[in-house]
Amino acid sequence: AKRLGRRRAQPYLPGLAERLAERQHMIDDLYDAVQHGGFALAFQPVIQLSNGATTGYEALIRWNHRVRGWVAPDVFIPIAEECGLIEEIGRWVIMDACRQLAGWSPHLQVAINISAAQLKSEALLQHLTQAIMVHGIAPERIEVEITETALIDDAARTAAMVRRIRKIGIKVALDDFGTGQSSLAHLRDFQFDRIKIDRSFVVRAGTDRQSMAVLRGTVSIGKELGVLTHAEGVETREQLDLLRDIGCDAAQGYLVGRPIVPYHDPIDSGDLPLP
Ligand code: C2E
Ligand code: CA
Ligand code: CA
Ligand code: CA
């Protein structure tokens with residue numbers, strides 16, 4: 001693993017054929033991981049800003065590849081979406097998140113990321129209800145996170161899907177708020193339980209007047225709509241204090257806690273989990 005990793009870090013540009021072969025390898029390995037296991041969920045805490053209490057955790061998938069070590073979701077999720085594996089991977093994420101949730105204190109929630117392709121499929125509702133039943137979980141303890149880009153095409157259909165998910169009692173959050181197109185239109189056309197304000201606004205909040213204005217404005221809109229506002233990527237005490245001062249409801253980020261894989265198979269030890 002070490003040797004391969006170092007070679008890949010060399011500044012050379014692989015040719016098209018090489019890149020295609022590499023990609024096909026990854027697809028083959030993804031198929032293998034779906035069939036035989038190889039994924040793990042890391043959990044990152046979410047706090048309520050008014051009192052600092054932990055209200056739940058966001059589940060973030062990691063792939064433990066036998067050669068590459070831990071692979072980040074930004075690398076393999078887009079590939080899984082393209083080759084049609086996302087539905088099966090997403091199903092595992094939902095099931096495993098609920099399995100672990102069942103062992104937590106009953107006041108805690110779990111947030112599950114849903115990709116655009118999953119949102120378009122009827123199977124999503126099946127997977128959610130199945131996981132709820134198998135693990136005997138109150139639907140209100142689950143929140144699915146949808147990014148703005150997942151809402152773009154076929155808005156009528158996705159809006160219907162969001163309604164059906166909420167009808168089961170499952171919460172829906174708008175992820176990466178402010179980074180997509182027509183962010184405000186989404187707040188108008190869809191009903192969410194939570195707005196997750198993208199990290200980019202939080203990072204610049206202390207120094208940048210525009211980011212600060214967007215933050216304040218979003219918190220104010222959230223209050224008006226009765227939707228929780230949640231700041232992502234909080235890394236400093238100053239950011240945390242500022243967010244609390246402007247009335248933001250919840251926060252998440254390295255300052256509060258890094259994502260952690262709660263169970264780490266000793267056989268796979270050697271590589272540290274991703275942050
Ligand atoms: P996201 O949903 O926006 O998740 C937040 C990302 O920011 C996570 O990266 C998290 O580790 C990272 N992060 C958290 N706090 C901080 C901070 O204070 N500073 C910085 N710089 N980063 C922070 P991660 O785990 O690599 O996930 C990347 C993306 O992959 C996620 O972005 C999400 O879109 C996607 N993803 C993760 N798990 C799943 C999954 O189970 N299913 C699907 N479809 N997508 C997933
Ligand atoms: Ca998320
Ligand atoms: Ca996010
Ligand atoms: Ca993101």
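Cut-offs applied
- Residues numbered from 1 in each chain as written.
- Chains lettered and ligands numbered in written order.
- Predicted model: local features only at pLDDT ≥ 70, side-chain atom pairs only at ≥ 80, totals over all residues.
- Heavy atoms only, no water.
- Helix = DSSP H or I, 4+ residues; strand = E, 2+ residues; numbered from the N terminus.
- Buried < 20%, exposed > 50% of the residue type's maximum accessible area, 1.4 Å probe, protein only.
- Donors = N, O, S within 2.8 Å, 3.2 Å for Na, K, Ca; no water.
- Near = heavy atom within 4 Å.
- Polar contact = N/O pair within 3.5 Å; in protein donor to acceptor, adjacent residues only side chain to side chain.
- Areas by Shrake-Rupley, 256 points an atom, 1.4 Å probe, with all protein chains shown as cover.
- Nonpolar A, V, L, I, M, F, W, Y, C, P; charged D, E, K, R; others polar.
- Salt bridge = Lys/Arg side-chain N within 4 Å of Asp/Glu carboxyl O.

Asks: Help me out: how do you make sense of the side chain of Thr229 in this one?
Replies: As for its placement among the helices and strands, Thr229 is situated in strand β8 (residues 228-231). Residue Thr229 is classed as buried on the basis of its relative accessible area of 1%.

Asks: Explanation requested: the coordination of the calcium ion (ligand 2) in the structure shown.
Replies: At the metal site, the calcium ion (ligand 2) is ligated by Glu58 (OE), Asn113 (OD1), Glu145 (OE) and Asp175 (OD), and these contacts range over 2.1 to 2.3 Å. Sequence spacing of the donor residues for the calcium ion (ligand 2), all on one chain, is E-x54-N-x31-E-x29-D. The partly exposed category is assigned to Asn113, whose relative accessible area is 29%.

Asks: What should I look at first to understand the site of ligand 1 in this one?
Replies: In the vicinity of ligand 1 there are 21 residues, among which Gln44, Arg62, Arg199, Glu235 and Tyr254 approach most closely. Gln44 is positioned such that a nitrogen or oxygen atom in its side chain is 3.0 Å from a nitrogen atom of ligand 1. Within the side chain of Arg199, one N or O atom sits 3.1 Å away from a nitrogen atom of ligand 1. Compared with its free state, where it exposes 810 Å², ligand 1 has 83% of that area covered by protein. At the level of secondary structure, the elements contributing two or more residues to the shell around ligand 1 comprise β2 (54-65), α3 (73-82) and β6 (171-177). Across the shell around ligand 1, the residue classes tally to 8 nonpolar, 5 polar and 8 charged.

Asks: Sorry, what's going on with the coordination of the calcium ion (ligand 4) here?
Replies: In a perfect tetrahedron of four donors around a metal, the angles come out at 109.5 degrees. In a perfect octahedron of six, they are 90 or 180 degrees. Coordination of the calcium ion (ligand 4) by the protein involves Asp176 (OD) and Asp176 (OD), with metal-donor separations of 2.9 to 3.1 Å. A separation of 3.9 Å is found between the calcium ion (ligand 4) and the calcium ion (ligand 3), which are bridged by Asp176. Its location among the elements puts Asp176 in strand β6.

Asks: I tried to follow the pattern of salt bridges on my own but got confused; where do I start?
Replies: Close approach of charged atoms allows side chains of opposite charge to pair. Applying the stated criterion across every chain, the model contains 15 salt bridges. In this structure, Asp96 engages Arg99 in a salt bridge whose closest nitrogen and oxygen atoms are separated by 2.8 Å. Placement of the pair is Asp96 and Arg99 together in helix α4 (residues 86-101), with a separation of 3 residues, close to one helical turn. The class of Arg99 is partly exposed, set by a relative accessible area of 46%. A salt bridge links Arg204 to Asp208; its shortest N-O distance comes to 3.6 Å. Taking relative accessible area as the criterion, Arg204 reaches 46% and is therefore assigned partly exposed. With relative accessibility at 16%, the residue Asp208 sits in the buried group. Residues joined by salt bridges that share partners form a network here, namely Glu58, Glu145 and Lys196.

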